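# Observations on the model geometry
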Amino acid sequence: MITFLSGGTGTPKLLRGMQKVMDRHEISVVVNTAEDIWISGNHISPDLDTVMYLFAGVLNTDTWWGVRNDTFTTHDEITRMGLEEFIAIGDRDRGVHIARGNMLRDGMRLTNITKNLCDRFGVRENVLPMSDTEVTTRVKTELGLIHYQEYWVRGKGKIPIQGVIRCSKEPPESSEEVLQAIEASRTVIIGPSNPITSIIPVLECRGLKDALKDKFVIAVSPFIGNTPVSGPAAALMKASGFEATSAGTAACYRDIVDLFIHDIRDPVEVKDAIRLDTLMTGEEKSIELAEKILKLADRN
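The numbering scheme is per chain: residues are counted from 1 as the chain's sequence reads. Per-residue local features of the predicted model are confined to residues with pLDDT of at least 70, and side-chain atom pairs are confined, for both listing and counting, to 80 or more; whole-chain, interface and lining totals are unaffected and use all residues. Excluded from the side-chain calculation are hydrogens and water; included are all heavy atoms of the structure.

## Observations regarding the overall build of the protein chain
Test applied: Secondary structure elements follow DSSP: runs of H or I no shorter than four residues count as helices, runs of E no shorter than two count as strands, and numbering proceeds from the N terminus. The globule rule is 2.2 Å times the number of residues to the power 0.38, and the radius of gyration it is compared with is taken over C-alpha atoms. For every residue, the accessible area obtained with a 1.4 Å probe (protein chains only) is divided by the maximum for its type, and the residue is called buried under 20%, exposed over 50%, and partly exposed between those limits. Accessible areas in this description were obtained via Shrake-Rupley with a 1.4 Å probe; residue shielding takes into account the shown protein chains only.
A count of helices and strands for the protein chain gives 12 helices and 14 strands. Over its C-alpha trace the protein chain gives a radius of gyration of 18 Å, about what one expects of a compact globule, namely 19 Å for 300 residues. The buried share of the protein chain, taken over its 300 residues, is 55%. As displayed, the protein chain offers around 13,600 Å² of accessible surface, 48% of which is attributable to carbon and sulfur atoms.

## Points about the packing of aromatic side chains
In plain terms, the rule: Between rings of Phe, Tyr and Trp, where Trp is taken as its six-membered ring, a pair exists when centres lie within 6.5 Å; planes separated by under 30 degrees are stacked, by over 60 edge-to-face, and by other angles tilted.
All chains considered together, the criterion is met by two aromatic pairs. Taken together, a centroid distance of 6.2 Å and an interplanar angle of 50° make the contact between Tyr148 and Tyr151 tilted. Within this pair, Tyr148 and its partner Tyr151 are both found in helix H6 (residues 148-154), separated by three residues, close to a single helical turn. We note that Tyr148, like Tyr151, is buried.

## Overview of the nonpolar core
One broad trend across soluble globular proteins is that nonpolar side chains are buried collectively. Worth spelling out the cut-off: What is meant by a nonpolar core is a set of buried Ala, Val, Leu, Ile, Met, Phe, Trp, Tyr and Cys residues, joined one to another through side-chain atoms within 4.5 Å. Contact criterion: two residues are considered in contact whenever any of their non-hydrogen atoms come within 4.5 Å of each other.
One finds Phe4, Met18, Phe55 and Ile293 to be the most contacted residues of the largest nonpolar core, which totals 41 residues. The contacts of Phe55, once residues within four sequence positions are left out, are Leu15, Gln19, Arg24, Ile27, Val29, Val123, Glu125 and Val127. With 39 residues, the next largest nonpolar core counts Val30, Val139, Tyr151 and Ile256 among its residues.

## Examining the sheet that holds strand E7 (residues 144-147)
Spelled out, the test is: Pairing between strands is defined by DSSP: at least two bridges between the two strands are required. Orientation is described by axes fitted as lines to C-alpha atoms, over the contacting stretch for helices, and by angles from 0 to 180 degrees between their N-to-C directions.
With respect to topology, three strands assemble into an open sheet ordered E7-E6-E8, the strand pairing being antiparallel. The sheet terminates laterally at E7 and strand E8 (163-167), the two strands that pair on one side only. The sheet shows a mean angle of 35° between the axes of neighbouring strands, direction not considered. As judged from the four bridges shared by strand E6 (residues 136-141) and E7, these two strands associate in the antiparallel manner. Residue pairing for E7: Val139 is matched across the bridge by Ile146. Its contacts with the sheet put helix H8 (residues 195-203) on E6 and E8, and the angle it makes with E8 is roughly 35°.

## Considerations on the layout of surface pockets
Condition: Detection works on a 1 Å grid of protein atoms alone, calling trapped sets that fit a 1.4 Å probe cavities and calling open sets with protein on both sides within 12 Å along at least five of seven lines pockets, with lining residues defined by an atom within 4 Å of a point. Grid points are joined across faces, edges and corners, and a volume is the space filled by probe spheres set on the points. In this count, Pro and Cys sit with the nonpolar residues alongside Ala, Val, Leu, Ile, Met, Phe, Trp and Tyr, while Asp, Glu, Lys and Arg are called charged and the others, Gly among them, polar.
By volume, the largest pocket amounts to about 820 Å³. Along its surface, the largest pocket is lined by 40 residues, and Gly8, Thr9, Asp47, Trp64 and Trp152 are the ones closest to its centre. If you list the elements that add at least two residues to the lining of the largest pocket, you get helix H1 (10-21), helix H2 (46-56), helix H4 (91-105), H6 and H8. Considering only residue class, the lining of the largest pocket consists of 18 nonpolar, 17 polar and five charged. The space that makes up the second largest pocket amounts to roughly 300 Å³. Of the residues that constitute the lining of the second largest pocket, the class distribution is five nonpolar, five polar and six charged.

## Observations regarding the pattern of salt bridges
This is how the line gets drawn: Any carboxyl oxygen of Asp or Glu within 4 Å of a side-chain nitrogen of Lys or Arg constitutes a salt bridge here.
What the rule picks out here adds up to 19 salt bridges. Among the salt bridges present, the one from Arg109 reaches Asp132, with a minimum N-O distance of 2.9 Å. Here Arg109, found in the loop between H4 and helix H5 (110-121), pairs with Asp132, found in the loop between strand E5 (126-129) and E6; they are 23 residues apart in sequence, far enough to count as distant. On the basis of relative accessible area, Arg109 is assigned to the partly exposed category, the value being 31%. A salt bridge links Arg265 to Asp277; its shortest N-O distance comes to 2.5 Å. One end of the pair, Arg265, is in the loop between strand E13 (259-263) and strand E14 (274-276); the other, Asp277, is in the loop between E14 and helix H12 (283-298), with 12 residues separating them in the sequence. Taking the relative accessible area as the measure of exposure, Asp277 reaches 14% and is therefore buried. Overlapping salt bridges bring together Asp263, Arg265, Asp277 and Lys285 as one network.

Have a look at this one:
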């Protein structure tokens, strides 16, 4: 068993390779839910859905979100009616959001909801939300706090930010299922997702860091130089007081990681790190990186 800590783009690209070289029943993924949001009365869990759709074979890998070849009839009609949906939601994708929202309103745990949805999609991997507690990442701007999705999707990541804040009614706690998955794993892999908004929210869940103490933990950097492979990680790292590089990423995980991996092209040096080709431009590259990481894990 290997457990992965995942956000919505970088780590799923690695998982695309892992599912080809591992027994899929031996993959557990603990997924960030601090970017979840309610829109049009429905519950969007973008990182969870990206991982679920990937394993179900329906993910739109051109955008790394949503369902491949989805239609947008409902979104277009809602917009025509004068209502605002700043995220373009596909019709099949919306069906999942409606189902999840209804189950949450009925009092179901997000962990159980995710299992239910994965079963219906035929997903064989163990996909787990980081917590059943509702957590929201907000960014601090001159106009006040705004939801991360407002910053990244509506604002296209161009709004100057002064800080990143996690909001929840009660401290988030790792579910029993998450802790069991980690306990059953020989290795935990932190994928190349945004450290600030994708991975640190997972690590902040009570019980998670303690569960990692006796595990061999590998982390893959999302940076090459001072530029993330995708997304707004650089601005978020700077706003959180970290250098926007692989060295800054290693600092984020300094007390957790046993082996740090960054790209062969990275001009930044990270002490005791391993260099691999981490630029996953297609499925073959994802498989190649997955195989090399598994060999490193097997040496432990």
